[in-house]
Structures are given as structure tokens and as C-alpha cells.
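In case you want the letters, here they are:
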Amino acid sequence: MGNYLIPANSKKSKLILGFFNPIDLVIFTIGCILTLILLFTIRTGNLFVTILDLLPALISAFLVMPVPNYHNMMTLLHNIYSFYFVRNRKYYWRGWCVNGKKR
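What this report covers is the structure whose coordinates are included nearby. (Residues numbered from 1 in each chain as written. Predicted model: local features only at pLDDT ≥ 70, side-chain atom pairs only at ≥ 80, totals over all residues. Heavy atoms only, no water.)

### Looking at helix H3 (residues 73–86)
Item 1. Taking 1.5 Å of rise per residue, the 14 residues of H3 would be expected to cover 20 Å, and the 18 Å separating its terminal C-alpha atoms lies within 8% of that figure.
Item 2. For H3, the complete set of buried residues consists of Met73, Leu76 and Ser82.
Item 3. Taken together, the buried residues of H3 touch helix H2 (47–63).
Item 4. Capping the start of H3, Asn72 holds a side-chain oxygen 3.2 Å from the backbone nitrogen of Met74, two or three residues further along. (Helix = DSSP H or I, 4+ residues; strand = E, 2+ residues; numbered from the N terminus. Expected span 1.5 Å × (residues − 1). Buried < 20%, exposed > 50% of the residue type's maximum accessible area, 1.4 Å probe, protein only. Contact = heavy atoms within 4.5 Å. Polar contact = N/O pair within 3.5 Å; in protein donor to acceptor, adjacent residues only side chain to side chain.)

Dropping the structure here:
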């Protein structure tokens, strides 16, 4: 007793479609809506203006794009920023299955 098996995909079950948090879908939706507004209001006469119009959707799609070992690029960029610039470098590991022992 006391030996627990934790499924490898237990965190993925908390995500929408296994990849997205609700905030990820909100960011992507806002980027797409902003792109549609820009496409309908600004005349796209050349390629540069068209790329600028599509930029909100492209940036939001990049941020919510799934990446191996992280659920998306936004999480990866946040972890890189916090590891290199913000956080203390002392790590205290405490797993999911602790038997009540203080470390």
C-alpha cells in the first residue's frame, strides 16, 4: 500500500482537446477577431499591408502552438523567462506522492 501509479497524461486531461487552456483559446480568438477587423477596414493594396493585417492572428497562433514537453509556446517562453531572469536557482523537488515526510 502507498505505492501510487500516476498516469503520464494526467495533466493533459485538464486541457481542452489535450492542448489548450481556456486562456489560450481566448488569446487565439482575440487575435483572429482583430485580424478580421483589420482585413475589413484596411484596404490591402500590397503584400506588406496584408502581412501587417494578418500579424495578430499569426502571433496568437504562434503563442498557442503545441510544443513537445510544454503544452504551448506561451508556457515555454514563460518558463525560459522565469528560469533565466526572474527565479531563484534553488530547487526543492517534492513529487506528487509524498508519504508525509518533511524534507
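Back to the write-up after that little detour.
### Let's talk about the packing of aromatic side chains
Item 1. In this structure the tally under the stated criterion is two aromatic pairs.
Item 2. Ring geometry for Phe83 versus Tyr84: centroids 5.0 Å apart, planes at 85 degrees, classification edge-to-face.
Item 3. A relative accessible area of 33% places Phe83 in the partly exposed class.
Item 4. Under the relative-accessibility criterion, Tyr84 is labelled exposed at 53%. (Phe/Tyr/Trp six-rings, centres within 6.5 Å; stacked < 30°, edge-to-face > 60°.)

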